[in-house]
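Remarks on the overall topology
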Amino acid sequence: MNQEAHPHAGLVGPAGRAEDLLDRYSRSYLQVFGRPQRVLERGQGVRVWDVQGREYLDLLAGIAVNALGHSHPDLVAAIAEQAGQLIHTSNFFTTPTQVALAERLLGMAGAPAGSAVLFVNSGAEAIEAAIKLGRRTGRPGIITAQGAFHGRTTGALALTAKAAYREPFEPLLPGINRVPFGDEAALRAALDDQVGAVILEPIQGEGGVVPAPPGYLQSARELTREHGALLVLDEIQTGIGRTGTWFAFQQAGITPDAITLAKGLGGGFPIGALITFGPEVSGLLSAGQHGTTFGGNPLACAAGLAVLEVIERDGLLGAARTVGQAFTQAVAALQDPRITGVRGEGLLIGIGLAGPWAPHVATAALDRGFIVNAVREDTIRLAPPLIVQEDDMTSFALALPTLLDSIGGDG
Ligand SMILES: *Cc1c(COP(=O)(O)O)cnc(C)c1O
């Protein structure tokens, strides 16, 4: 196949370069993502630039990943320094950075003695480890929620609700029971002595920024304890300060049996983690029962340490709460009937629309220099870098009526 550059007919300069790259992408890259919206080249703080030199305010942060924004000097320095020292070792060895990051996470989580961390490379891989943890209880069943998203590998996919993601690959892992999210009675009814684990997101992210109703996580904690099942909270999107505390479970005042992490942890460098709480749960997986070649390598751990240090040093947990609240107030002040409300916590934000306009709003926003996400037909999701300032958030709130006008949404 011809893989050479085909300069786009008639277009020259930066626009031609973008078209050329998109053409080459479509001829060389597996078509699982559809056509990319832009070709990005550079980022600084909360802004990114495409190959045509156009500037965007990044209010999505690589889907809740770039916690420190782009090219943060402390993250860049930590990665560069570690790369010059030791990049990879295999898990026959440990490193000072790996131990330091594990201890730091346990401290942040308020984990009791005997708790433990396993590093992996992605969210789905952390979920896979959680599935194996559940299986080691001796009970094969897993309860998940309708609307849940837990990843795309075949184990994680079995837990994911969206039929379009799952059905082309069935049969998947058996024994999965999907209950309505937030329904305590349904969870109670589904729990029996065959259920090894209940896996829930504290706020459903891909499902449309849907917070668990008050009291639900506490009920899930009590019910799983009564029935001898593990409570695993998927904090891949909500963790690492996204909701204004290190982990969302801390706002529910409970201790889960395990949590999964990824997205924000490396600030853009791939790293995921499973944290198991207490010696009993941590003892479920023993030597030889799980593994990963790259997981926990010193480069990824150095990135994770830098992210956590900056979040703490710069007070970004508190900032996530205050900036998120200010944004919610700015949207409410619009009093626009086409906007039904703002959901979420901290800087994981869903803007509810009164019609199926979100994809059009997101496209219009991009044309005006805002990166946001139509997570659902009726919901715009924002998950900006935790370093975002109030005025940048406000600029998007103030643009919303114009964006809605431009797509002809009425309400
Ligand atoms: C993104 C996400 C995953 C999957 O993470 P990957 O790194 O894409 O595998 C799993 N669970 C939740 C809640 C997520 O938001």
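Residues numbered from 1 in each chain as written. Predicted model: local features only at pLDDT ≥ 70, side-chain atom pairs only at ≥ 80, totals over all residues. Heavy atoms only, no water.

**What about the packing of aromatic side chains?**
Using the following cut-off: When two rings of Phe, Tyr or Trp (its six-membered ring) have centres within 6.5 Å they constitute a pair, described as stacked for plane angles under 30 degrees, edge-to-face for angles over 60, and tilted for the intermediate range. For the purposes of this entry, the term helix denotes a DSSP run of H or I that reaches at least four residues, the term strand denotes a run of E that reaches at least two, and both are numbered from the N terminus. Using a 1.4 Å probe on the protein chains alone, a residue whose accessible area is under 20% of its type maximum counts as buried, one over 50% counts as exposed, and one in between counts as partly exposed. Any Lys NZ or Arg CZ that is within 6 Å of a ring centre and within 35 degrees of that ring's normal is treated as a charge sitting over the ring.
Taken as a whole and assessed by the stated rule, the structure comprises six aromatic pairs. Between Phe 247 and Phe 249, the aromatic rings sit 5.8 Å apart at their centres with planes inclined by 10 degrees, giving stacked as the arrangement. An angle of 85 degrees between the planes, with centres 5.8 Å apart, marks the rings of Phe 249 and Phe 277 as edge-to-face. Of the two residues, Phe 249 is situated in helix α10 (residues 249–252) and Phe 277 in the loop between β12 (272–276) and α11 (278–282); the sequence distance between them amounts to 28 residues. Per residue, the accessibility class of Phe 249 equals that of Phe 277, and both read buried. We note Arg 42 situated over the ring of Trp 49; from NZ or CZ to the ring centre the distance is 4.2 Å. Sitting over the ring of Tyr 165, Arg 152 keeps its end group 3.7 Å from the ring centre.

**Here's the deal with the site of the ligand**
What counts here: We define proximity as follows: a residue is near a molecule or strand when any one of its heavy atoms falls within 4 Å of that partner. Think of a polar contact as two N or O atoms within 3.5 Å of one another; within protein, one of them needs to be a possible hydrogen donor and the other a possible acceptor, and neighboring residues in sequence only count if both atoms come from side chains. For accessible areas, the Shrake-Rupley method is used with a probe of radius 1.4 Å. Any residue's cover is judged against the shown protein chains and nothing else. Think of it as three bins: nonpolar holds Ala, Val, Leu, Ile, Met, Phe, Trp, Tyr, Cys and Pro, charged holds Asp, Glu, Lys and Arg, and polar takes everything else, Gly as well.
For the ligand, the full set of nearby residues is Ser 122, Gly 123, Ala 124, Phe 149, His 150, Gly 151, Glu 201, Asp 234, Ile 236, Gln 237 and Lys 263. The contact in question runs from a nitrogen atom of the ligand to an N or O atom on the backbone of Phe 149, over 3.3 Å. Interatomic distance of 2.7 Å between a side-chain N/O atom of Asp 234 and a nitrogen atom of the ligand. Contact with the protein chains hides 81% of the accessible area of the ligand, taken as 380 Å² for the molecule alone. Grouping the constituent residues of the shell around the ligand by class yields three nonpolar, five polar and three charged.

**Some remarks on the pattern of salt bridges**
Basically, it comes down to this: In the sections that follow, a salt bridge refers to a side-chain nitrogen of Lys or Arg positioned within 4 Å of a carboxyl oxygen of Asp or Glu.
Tallied over the full model, the rule gives 18 salt bridges. Where Arg 24 meets Asp 20, a salt bridge forms, and the shortest distance between an N and an O atom there is 3.1 Å. In this pair, Arg 24 and Asp 20 are both assigned in helix α1 (residues 13–28), four residues apart and thus about one turn of the helix distant. A relative accessible area of 10% places Asp 20 in the buried class. Here the salt bridges do not stand alone but share partners, grouping Arg 47, Glu 55 and Asp 392 into one network.

**Some words on the nonpolar core**
Rule in force here: Here, nonpolar core refers to any group of buried Ala, Val, Leu, Ile, Met, Phe, Trp, Tyr and Cys residues whose side-chain atoms link them within 4.5 Å. Should any heavy atoms of two residues lie within 4.5 Å, those residues are counted as being in contact.
Core analysis: the largest hydrophobic core is formed by 88 residues, its most contacted members being Leu 105, Ile 240, Phe 247, Ile 351, Leu 382 and Phe 396. Tallying contributions element by element places helix α12 (residues 298–313) first for this core, with nine residues. Setting aside residues up to four positions removed in sequence, Leu 105 forms contacts with Val 117, Phe 119, Ile 240, Phe 247, Leu 261, Leu 265, Ile 275 and Leu 308. Ala 124, Ala 130, Ala 197 and Leu 284 belong to the second largest nonpolar core, which has 19 residues in total.

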